[in-house]
Amino acid sequence: MAFTRATGKHRRPSRVKRTTTHAVGVAALTTTGVIGTLAAPAFAAETSVEDTGLTKAITIGDSLADQIDAQAAAQQHAADEAAALKKAQEAAKKRAAEKAEEERVAKARAARAAERKRLNTFVLPISGSYVSTGYKTGGSLWSSGSHTGVDFHAASGTSVHAVGSGTVVEAGWGGAYGNNVVIKMNDGTYTQYGHLSSIGVSVGQTVTPGAQIGLSGSTGNTTGPHLHFEARTTPEYGSDIDPVAYLRSHGVNV
C-alpha cells in the first residue's frame, strides 16, 4: 500500500514556532510589569524552560495568571481598607473637635449667665447682721426727727459690702454720717453707708455685689459702732426710701 506524506497547510506547527510564540507573549507581559511583580520562587514554580537549541522560551500557565490577578486584587483591597480607615479617623477627629467646641461654647455661655446673675444679685451690707434700729424711728438723735435709714449691728472694723453693682459717687467725710460712701446702683437708685472707720473705695470706682467698700465704725453723729445704711432715689439727703423694703425687693432676706 502506498502512503501519501502530509504537506502544506495541514502540517503541524513546528516546535520552534510554538516556543517562539510563547516567548513573545512572555516578553509582552514583562514589558507591562505584570510578571515583574511576582516573587521569583512562585514564578519559577509555575514556568518551565524549553530548549529548542535555537532559543529559550518561558511558558506561563493559567495558574500564574490567576496568582497575578489575586495579588492585584489583594493590593487593591488593602488600599481600599487603608483609605476607609483614614476616612474614619478623619471623621472621628472632626467629631471630637466639634464636640470640644460645643462644650467650650456651652461652658462660656454658662459662665456669662452666672456672671450676669451675680452682678444682678443683692446682698446684705454686713454679712450675717441684723437691723438694730429701724427706718423712721423717731427721736432727738436725728436732725430730721426720725431715722432716714436703718442701722445694722456691727463691731468696729467689720467689713462693709456694696449691696449690689454700681459706681461710687461719694467717698469721704459726710458730716453727721462721718466717713461715708454713696453708690449709684445700676438700677438708678442710690445706697449710702455711714459711720465708717475707714473707706476702701474712691469716686468713679465700679463695685460688684459683696465688694468690700470699707470698715464699720462710729465716726460722725453716733452713740457707738454700727453701720448706717440708706436707700435713696437721688444722691441727696431727703430722698430716702425704706431700706428694708428696698433690699427685700432685690431678693435679700433681711
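Residues numbered from 1 in each chain as written. Predicted model: local features only at pLDDT ≥ 70, side-chain atom pairs only at ≥ 80, totals over all residues. Heavy atoms only, no water.

Thoughts on the environment of Val252
- Note that Val252 resides in the segment after α4 (243-249).
- In sequence terms Val252 and Thr121 are 131 residues apart; their C-alpha atoms lie 8.6 Å from each other.
- Sequence-distant contacts of Val252, defined by excluding residues within four places in its chain, comprise Phe122, Val123, Leu124 and Leu247. (Helix = DSSP H or I, 4+ residues; strand = E, 2+ residues; numbered from the N terminus. Contact = heavy atoms within 4.5 Å.)

Notes on the pairing of strand β11 (residues 226-232)
- Burial within β11 is extensive, with 7 of its 7 residues counted as buried.
- By the alternation rule, side chains of β11 split into His226, His228, Glu230 and Arg232 and Leu227, Phe229 and Ala231, which are all buried.
- For strand β8 (residues 190-199) and β11, the ladder comprises 5 bridges, and the chain directions are antiparallel. Paired with Tyr190 across the two strands is Arg232, which belongs to β11.
- In this sheet, strand β12 (residues 240-241) lies alongside β11 in antiparallel orientation, the contact comprising 2 bridges. Each bridged residue has a counterpart across the sheet, and for Ala231 the counterpart in β12 is Ile241. (Buried < 20%, exposed > 50% of the residue type's maximum accessible area, 1.4 Å probe, protein only. Pairing = 2+ DSSP bridges.)

Observations concerning unusual backbone geometry
- The residue Lys136 is not glycine, and still its phi comes out positive at about 70°.
- With respect to the element layout, Lys136 can be found in the loop between β3 (131-133) and β4 (150-153).
- Residue classification places Lys136 among the partly exposed residues on the basis of a relative accessible area of 46%.
- The backbone of His195 sits at a positive phi, close to 65°, despite the residue not being glycine.
- As for its position among the elements, His195 is in strand β8.
- Judged by relative accessible area, which is 5%, His195 ranks as buried.

Some remarks on the side chain of Ser129
- Among the structural elements, Ser129 can be located in the loop between α3 (62-119) and β3.
- Overall, Ser129 belongs to the buried group, its relative accessible area being 16%.
- Reaching out from Ser129, the side chain makes a polar contact with the backbone oxygen of His153 at a distance of 2.5 Å.
- Beyond its immediate sequence surroundings of up to four residues, Ser129 is in contact with Leu124, Phe152 and His153. (Polar contact = N/O pair within 3.5 Å; in protein donor to acceptor, adjacent residues only side chain to side chain.)

Examining the packing of aromatic side chains
- All chains considered together, the criterion is met by 3 aromatic pairs.
- Both rings, one in Phe152 and one in Phe229, keep their centres 6.2 Å apart while their planes meet at 70°; by these two values the pair is edge-to-face. Taken together, the positions of Phe152 in strand β4 and Phe229 in strand β11 put the pair 77 residues apart, joining distant regions of the chain. Phe229 shares its class with Phe152; the two are buried.
- Taken together, the ring pairs in this structure connect Phe152, Tyr193 and Phe229 into an aromatic cluster. (Phe/Tyr/Trp six-rings, centres within 6.5 Å; stacked < 30°, edge-to-face > 60°.)

Some words on the confidence of the model for the chain
- Taken over all residues, the pLDDT of the chain has a mean of 82, while the share at 70 or more is 75%.
- Considering only residues more than four positions removed or in separate chains, one finds that residues 1-50, a stretch of pLDDT under 50, has 47 contacts.
- When the criterion is pLDDT under 50, residues 53-57 qualifies, and its contacts beyond four places in sequence or with other chains add up to 10 contacts. (pLDDT = per-residue confidence, 0-100.)

Here's the deal with the side chain of Ser165
- The residue Ser165 is located in the loop between β5 (159-161) and β6 (166-173) in this model.
- Exposure remark for Ser165: the relative accessible area of 6% places this residue in the buried category.
- Residue contacts for Ser165: discarding those within four places in its chain leaves Leu119, Lys184, Met185, Asn186, Val207, Thr208 and Pro209.

So, the pairing of β8
- Of all the 10 residues making up β8, 7 are buried; the element is thus mostly covered by neighbouring parts of the structure.
- Where strand β7 (residues 179-185) and β8 come together, 5 bridges link them in antiparallel fashion. Of the residues in β8, the one forming a bridge with Ile183 is Thr191.
- Hairpin connection between β7 and β8: a loop of 4 residues separates the two successive antiparallel strands, and Gly188 in this loop has a positive phi of roughly 95°.
- Here 3 bridges tie β8 to strand β10 (residues 212-216), and the two strands are oriented antiparallel to one another.

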